[in-house]
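Okay, here's what each chain looks like letter by letter:
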Amino acid sequence: VQLQASGGGLVPAGGSLKLSCKVSGFTMDDYGMGWFRQAPGKEREFVAAISWDSKTTSYADSVKGRFTISRDNAKNTVYLQMNSLKPEDTAVYYCAAGTPYRSRTYSASSAYNYWGQGTLVTVSS
């Protein structure tokens, strides 16, 4: 099982980035997927989640209206479109998979069995 996140980088405040997470080793549409982030000196926090069929999504309040999670099961890839970025969005972003029920979304990191290696997003002020 492998989750490969990419798309991070340095962007000015107000800018946009789109993260991708390519999965292999399991059937992606068996699971809900999620994005988490961890800023320096802080705990990992929930960002967004999506059910297997994209019918249900959920977001942290801090990113609601700015970030959009999506997935393409045929491409084994989940995405995180990030707009109107703020310096406080600076963090390592992780994708996760392996939730108990694929039709639900989960904000707890303990609900996910598989994790990617993370991609760094830096937003300059």
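Residues numbered from 1 in each chain as written. Predicted model: local features only at pLDDT ≥ 70, side-chain atom pairs only at ≥ 80, totals over all residues. Heavy atoms only, no water.

Caption draft 1: Region of interest: the sheet that holds strand β1 (residues 2-6). Taking strand neighbours across the sheet as the criterion, the 4 strands line up as β1-β3-β8-β7 in an open arrangement whose pairing is antiparallel. At either margin of the open sheet sits one strand with a lone partner, and together these are β1 and β7 (67-72). When the angles between neighbouring strand axes are averaged without regard to direction, this sheet yields 15°. The pairing of β1 with strand β3 (residues 17-24) spans 5 bridges and is antiparallel. Residue pairing in the sheet places Q2 in a bridge with S24 of β3. (Pairing = 2+ DSSP bridges. Helix = DSSP H or I, 4+ residues; strand = E, 2+ residues; numbered from the N terminus. Axes fitted to C-alpha atoms, helices over the stretch in contact; angles between N-to-C directions.)

Caption draft 2: Structural view of the pattern of salt bridges. On inspection of all chains with the given rule, the structure shows 4 salt bridges. Between E45 and R37 there is a salt bridge; the shortest N-O distance is 2.6 Å. Judged by relative accessible area, E45 falls into the partly exposed class, the value being 35%. The buried category is assigned to R37, whose relative accessible area is 5%. Of the charged contacts, one joins K64 and D61 as a salt bridge, the two residues approaching to 3.2 Å between their closest N and O atoms. Classification of D61 by relative accessible area gives exposed; the value is 67%. (Salt bridge = Lys/Arg side-chain N within 4 Å of Asp/Glu carboxyl O. Buried < 20%, exposed > 50% of the residue type's maximum accessible area, 1.4 Å probe, protein only.)

Caption draft 3: Geometry of the nonpolar core. Counting 37 residues, the largest nonpolar core has W35, L80, M82 and Y93 as the members making the most contacts within it. Within the residue set of this core, elements represented by two or more residues are β1, β3, β4 (33-38), β5 (45-50), β7, β8 (77-82), β9 (91-97) and β11 (119-124). Ignoring sequence-local partners within four residues, the contact set of L80 consists of L17, K18, L19, W35, V47, A48, F67, T68, I69 and Y93. (Core = buried A, V, L, I, M, F, W, Y, C linked by side-chain atoms within 4.5 Å. Contact = heavy atoms within 4.5 Å.)

Caption draft 4: Structural view of unusual backbone geometry. Even without being glycine, N76 reaches a positive phi, approximately 55°. Topologically, N76 is positioned in the loop between β7 and β8. Residue S84 is not a glycine yet carries a positive backbone phi of 50°. In this fold, S84 is placed in the loop between β8 and β9. By relative accessible area, S84 is classed as partly exposed at 41%.

Caption draft 5: Up close: the state of the cysteines. In this structure the tally under the stated criterion is 1 disulfide. Across a sulfur-sulfur distance of 2.0 Å, C21 and C95 are joined as a disulfide pair. A torsion of 55° about the S-S bond marks the disulfide between C21 and C95 as right-handed. Taken together, the residues span a long stretch of sequence, with C21 in strand β3 and C95 in strand β9 at a distance of 74 residues. The pair C21 / C95 is uniform in exposure class, with both members buried. (Disulfide = S-S within 2.5 Å.)

So, to be careful, I would describe these as geometric facts and stop short of saying anything about function.
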